[in-house]
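Architecture and fold: a report
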Amino acid sequence: MRSLLDLELVSVTKRYGDAVAVNAVSHLFPAGKYVCLLGPSGCGKSSTLRMIAGHEGVSDGAILLDGRDISHLPPARRGTAMMFQSYALFPHMTVLDNVAFSLKMKGTDRATRHRRAGELLELVGMSHLAQRLPAQLSGGQQQRAALARALITDPQVLLLDEPLSALDPFLRTRMRTELKRLQRELGITFIHVTHGQDEALALADQIVIMNNAVIEQAGTAREVFNAPKSEFVARFMGGHNVIALGGRRHALRADRTRLVVPGAGALPGISDGIDATVTSYEFLGTHVAVGLIGPGDAELTAMLPEESFFAAPVEPGHAVRVGWHDADLHQLDA
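Residues numbered from 1 in each chain as written. Predicted model: local features only at pLDDT ≥ 70, side-chain atom pairs only at ≥ 80, totals over all residues. Heavy atoms only, no water.

1. A closer look at the overall build of the protein chain
A tally of helices and strands in the protein chain yields 9 helices and 18 strands. Across the protein chain, the fraction of contacts at a sequence separation of at least 24, relative to all contacts at a separation of at least 6, is 63%. Only carbon and sulfur atoms are counted for the fraction: they give 52% of the accessible area of the protein chain, which is about 15900 Å². (Helix = DSSP H or I, 4+ residues; strand = E, 2+ residues; numbered from the N terminus. Contact = heavy atoms within 4.5 Å. Areas by Shrake-Rupley, 256 points an atom, 1.4 Å probe, with all protein chains shown as cover.)

Put into structure tokens, the structure is as follows:
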């Protein structure tokens, strides 16, 4: 059901001279959801985010929020706030003054703006570092300070441009949990640009996949991963094989792909499948990823439980039969 707080893009286009960065994109971002814009570099996701924020002009189309077209309003009047990839903290200001800066620009008195900044620093677990300078903070602490600064204007929509890219893998995983917790507590819309599939799957209520300046597919993380609409989505999300059968292309999750070693007997419920040759294998904790070459030099992957791999070992160069349950095949539209 639509609400006034929904954010909607209506045939939004961004051109840079003759180059089209975003091509007539239309999409409804439901209010109060965590949405990830996902896609390869150059697909148009950051340009889309910057147009919503007001840092890039719209060539054509409209951006609707709270029932009004905000596409021609300055950033401060849109009801949005943006957290930049670089965090962009003022190096000469304390954390408290960085967070309170936008209220200072609005003319809010010192006591009021510092009280509000203190509340947000407490929300992000940074109260004890309020008097430090940005150079005295770790990367994760700088990110929290930048997040508090973006939230102090009480935006209806928070825009995050690859906010985790500068963090090490352990801290990135930890901060994902913090971002999701904050979004749920605040109840506002988060739109998060990323090129990391695992990041989007972990965070998003809705994933919007862009490619070549358009939206390829949008849906819940489960829908997008389990039912990709196109070959691009299946390959980009990872964990899928794309198999040509009967003149149509199908996606098959690697963890639903089965290998039958010659002489080991058929597996119950498995279709006839296709012949392939093992090219490599890689140990991934409790599973083994087996690389394969199928018909027409198609590259495939099978994810096998570690115990089954050692029960019937396969080595590079071994011929195998790749099979699946028919219900595990997902026909692609394109």
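2. Observations regarding the sheet that holds strand β12 (residues 248-253)
One key point about sheets: their strands pair by backbone hydrogen bonds, in either a parallel or an antiparallel sense. Spatially, 3 strands are ordered β11-β12-β18 in an open sheet, and the strand pairing comes out antiparallel. A strand with exactly one partner marks an edge of an open sheet, and here the two such strands are β11 (240-245) and β18 (330-331). (Pairing = 2+ DSSP bridges.)

3. Looking at the side chain of arginine 176
Along the polypeptide, arginine 176 turns up in helix α5 (residues 169-186). Not counting residues within four places of it along the chain, the set of residues in contact with arginine 176 comprises Leu164, Asp198, Glu199, Ala202 and Leu203.

4. A short note on the UniProt feature "domain: ABC transporter" (unreviewed entry) in the protein chain
Per the UniProt entry, the sites bearing "domain: ABC transporter" (unreviewed entry) are residues 7-237 in this numbering. Its end C-alpha atoms 25 Å apart, residues 7-237 is made of 37% helix and 26% strand. (UniProt positions renumbered as here; feature names shortened; annotations may be inferred.)

5. Considerations on the pattern of salt bridges
Counted by the stated rule, this structure contains 15 salt bridges. Linking glutamate 178 and arginine 144 is a salt bridge whose minimum nitrogen-to-oxygen distance equals 3.8 Å. Here glutamate 178, found in helix α5, pairs with arginine 144, found in helix α4 (residues 139-151); they are 34 residues apart in sequence, far enough to count as distant. A relative accessible area of 12% places arginine 144 in the buried class. Note that glutamate 178 is salt-bridged to arginine 181, the shortest N-O span being 2.9 Å. Note that glutamate 178 and arginine 181 are positioned in helix α5 at a spacing of 3 residues, about one turn of the helix. The exposure class assigned to arginine 181 is partly exposed, which follows from its relative accessible area of 28%. It is possible to trace a salt-bridge network through shared partners that takes in Arg144, Glu178, Arg181 and Glu185. (Salt bridge = Lys/Arg side-chain N within 4 Å of Asp/Glu carboxyl O. Buried < 20%, exposed > 50% of the residue type's maximum accessible area, 1.4 Å probe, protein only.)

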